[in-house]
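Commentary on secondary and tertiary structure
What follows is each chain in one-letter form.
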Amino acid sequence: MAANPSRLAWLDALRGVAALGVALHHGAWTFVPEFWAGVDGKVDVGTWGVFAFFLVSGYIIPASLERRGDLRAFWTGRAFRLLPLLLTALALALLLAYAGAFVPSPGLDRRPLALVALGNLTMLQELLGLPAVIGVMWTLSYEMAFYLMVAGLFAVRQAHRPAPIAVVLALAAVPLGLLLPRATINGRAGAAALVLAVAVVLAVVASAGPYGVIRRAAAMTGGLLGLALVVLGSRGGAGQGLVIAAMMFAGTAVYRAERGAIRWRTAAAALSAVLTCAVIAENDPTHTVAIVLAAACFLAAFALRGRAFPRWLTHLGVISFSLYLLHPLLLRIAPNLPLFFLATVALGHVTYRLVEVPGQRLGRRLSGRSGAHDGARGPTVGGWARS
């Protein structure tokens, strides 16, 4: 079998396995719930998959921003990397829901349509206390908050300090998790959700503008908004939100250590601190095991970064965003677990070719990148950082 020699093949391999892990979690609860209850009682495979994605995003997103060296190119790339597939998935979900073949997240009909649409299209619905059309979109909200924070740090030239940032966020997760055990921005905070969503959009647009002072101020504002949303909007409380953010910055610390910007012992100390605080902040042992296992798998894949990986495995990573976002749409259509997996992979391959690749190409043209091929072999949301 041909192997992939790409320098980032290890990331693709990890993302592919993580995406299938999340799909397995949902598929097994649908098709073999009695068996899966025993597995889930020991380790939450879905949590393992999303935390593996968070670490991958932490590793690659800052590298993607710095490679561009420009916030406008970064946000353009993000938009055309994520929105084409997101719009396609939302349209398919609504069509299937109309046909009775998909059940959207509850509460969609109890909130103003324009507000729900704004939340889902900005991918911040989870942190704004708004219902998602597709349940798995909750992770995209944390990814978006991380983008905002990274862009803010880049604008003030502090992006080289991921280790202390990860530690501070992790340490804050423990007391704030006790003080704010539930989301402050919740289903009753419609006005706050609207103001925050519009503020984020304006901050992103202004940070991609031509005026240096305004661009820097907007990026800083966006970063603070991202942090505020993680603290106040996390459904599991401030502790959960800060642990997720800290985990992503721990992934960045590994990237910095690999590049020689910080010492390996500094990155190791940051990751250890994050995992320790995650264990303390989490009150579900199955989630704790999953988070620690996700970090172990990330480090194991990183240790194998010089090795070749099978092409089929890295291809699963390339199409992982499609696999992750679209697999819930097939849960009520597929007759059993094996066919569910086959249909998920087939649909993911088709949407990657027909939706994701054209969107990435257009994004590269608009951001002035000529001929770069990041869309096919480098990573990104939920670990879909590639473009």
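Residues numbered from 1 in each chain as written. Predicted model: local features only at pLDDT ≥ 70, side-chain atom pairs only at ≥ 80, totals over all residues. Heavy atoms only, no water.

Describing the overall build of the protein chain
Put simply, the test is: Comment: elements are numbered from the N terminus, with helices defined as DSSP H or I runs of at least four residues and strands as E runs of at least two. The size measure is the radius of gyration over C-alpha atoms, and the globule rule it meets is 2.2 Å times the number of residues to the 0.38 power. Between buried and exposed lies partly exposed: a residue is buried under 20% and exposed over 50% of the maximum accessible area for its type, with that area taken using a 1.4 Å probe on protein chains only. Using the Shrake-Rupley algorithm and a 1.4 Å probe, accessible areas are obtained, with residue cover drawn only from the displayed protein chains. Charge counting follows a simple rule: Lys and Arg are positive, Asp and Glu are negative, and His as well as the terminal groups are ignored. Charge positions come from single atoms, namely NZ of Lys, CZ of Arg, CG of Asp or CD of Glu.
Counting its regular elements, the protein chain contains 16 helices and 2 strands. For the protein chain, whose C-alpha radius of gyration is 19 Å, the value lies close to the compact-globule estimate of 21 Å for 387 residues. Seen through its principal axes, the protein chain has C-alpha atoms that stretch 55 × 50 × 45 Å. Scored against the burial criterion, the 387 residues of the protein chain give a buried share of 56%. Summing over all exposed atoms, the protein chain offers an accessible surface of approximately 15900 Å²; the carbon and sulfur share of this is 68%. Positive and negative side-chain charges in the protein chain, numbering 32 and 14 respectively, have mean positions lying 10 Å apart.

Observations regarding the packing of aromatic side chains
Test applied: Any pair of Phe, Tyr and Trp rings, taking the six-membered ring for Trp, is counted once the centres come within 6.5 Å. Such a pair is stacked with planes under 30 degrees apart, edge-to-face with planes over 60 apart, and tilted for the rest. We call a charge positioned over a ring when the NZ of a Lys or the CZ of an Arg lies within 6 Å of the ring centre and within 35 degrees of the ring normal.
Under the defined criterion, the tally for this structure stands at 19 aromatic pairs. When the ring of Phe54 is compared with that of Trp138, the centres are 6.3 Å apart and the planes differ by 75°; the resulting orientation is edge-to-face. Here Phe54 is found in helix H3 (residues 45-68), whereas its partner Trp138 is found in helix H6 (residues 138-155), with 84 residues between them in sequence. Since its relative accessible area comes to 0%, Phe54 is described here as buried. We classify Trp138 as partly exposed; its relative accessible area is 22%. Summarising the aromatic geometry, the rings of Phe340 and Phe341 are spaced 5.7 Å apart at their centres and angled 65° between planes, so their arrangement reads as edge-to-face. Judged by relative accessible area, Phe341 falls into the partly exposed class, the value being 21%. Site record: aromatic cluster; members linked through ring pairs are Trp10, Tyr59, Tyr255, Trp264, Phe298 and Phe302. A cation sits over an aromatic face here: Arg305 above Phe302, 3.9 Å from the ring centre.

Topic: H3
Just so we agree on the cut-off: Take the residue count of a helix, subtract one, and multiply by 1.5 Å to get its expected span. Bend is the name given here to the angle between axes fitted to two runs of seven residues, the run ending at a residue and the run starting at it. In the analysis that follows, any N or O atom pair within 3.5 Å is treated as a polar contact, provided that within protein one partner can donate a hydrogen and the other can accept it, and provided that, for residues neighboring in sequence, both atoms belong to side chains.
In a regular helix each residue adds 1.5 Å, so 24 residues correspond to 34 Å; H3 covers 34 Å between its end C-alpha atoms and thus fits that length. The largest bend in H3 comes to about 25°, at Ser57. By the criterion of burial, H3 is predominantly enclosed, with 22 of the 24 residues buried. Of the residues that open H3, the one with a side-chain oxygen 3.0 Å from the backbone nitrogen of Gly46 is Asp44. At the C-terminal side of H3, Gly69 shows a positive phi close to 70°.

Looking at the nonpolar core
A general trend in soluble globular proteins is that nonpolar side chains are found buried together. To be explicit about the condition: The term nonpolar core refers to a set of buried residues drawn from Ala, Val, Leu, Ile, Met, Phe, Trp, Tyr and Cys, joined through side-chain atoms within 4.5 Å. Whether two residues touch is decided by their heavy atoms; if any such pair falls within 4.5 Å, the residues are in contact.
Formed by 116 residues in total, the largest nonpolar core has its most connected members in Trp10, Phe51, Tyr59, Trp75 and Ile134. Sort the elements by how many residues they give to this core and H3 lands first, with 14 residues. Excluding residues within four positions of it along the chain, Phe51 makes contact with Val243, Ile244, Met247, Ile291 and Ala294.

Quick look at helix H9 (residues 212-233)
When the terminal C-alpha atoms of H9 are compared, their 30 Å separation across 22 residues agrees well with the 32 Å that a helix rising 1.5 Å per residue should span. Each element contacted by the buried residues of H9 is listed here: helix H4 (71-98), H6, helix H8 (190-207) and helix H10 (238-258).

Observations concerning the pattern of salt bridges
For clarity, the cut-off: Whenever a carboxyl oxygen of Asp or Glu lies within 4 Å of a side-chain nitrogen of Lys or Arg, that contact is scored as a salt bridge.
The full count for this structure, using the stated rule, is 5 salt bridges. In this structure, the salt-bridge partner of Arg15 is Asp12, at a minimum N-O distance of 2.4 Å. Of this pair, Arg15 and Asp12 both sit in helix H1 (residues 9-31), 3 residues apart, which is roughly one turn of that helix. You'll find Arg15 and Asp12 in the same group, each marked buried. A salt bridge links Arg305 to Glu258, with the nearest nitrogen and oxygen atoms 3.3 Å apart. Highlighted residues: Arg305 in the loop between helix H12 (285-303) and strand S2 (309-310) and Glu258 in helix H10, separated in sequence by 47 residues.

Section: the confidence of the model for the protein chain
Stated formally: The pLDDT value tells you how sure the predictor is about a given residue, anywhere from 0 up to 100.
Residues of the protein chain with pLDDT of at least 70 account for 94%, and the chain-wide mean is 92. Within the protein chain, the element-level pLDDT minimum falls on helix H16 (residues 374-377), averaging 35, and the maximum on helix H14 (residues 320-326), averaging 98. With pLDDT under 50 throughout, residues 370-382 is counted as low confidence; its partners more than four residues away or in other chains account for 50 contacts.

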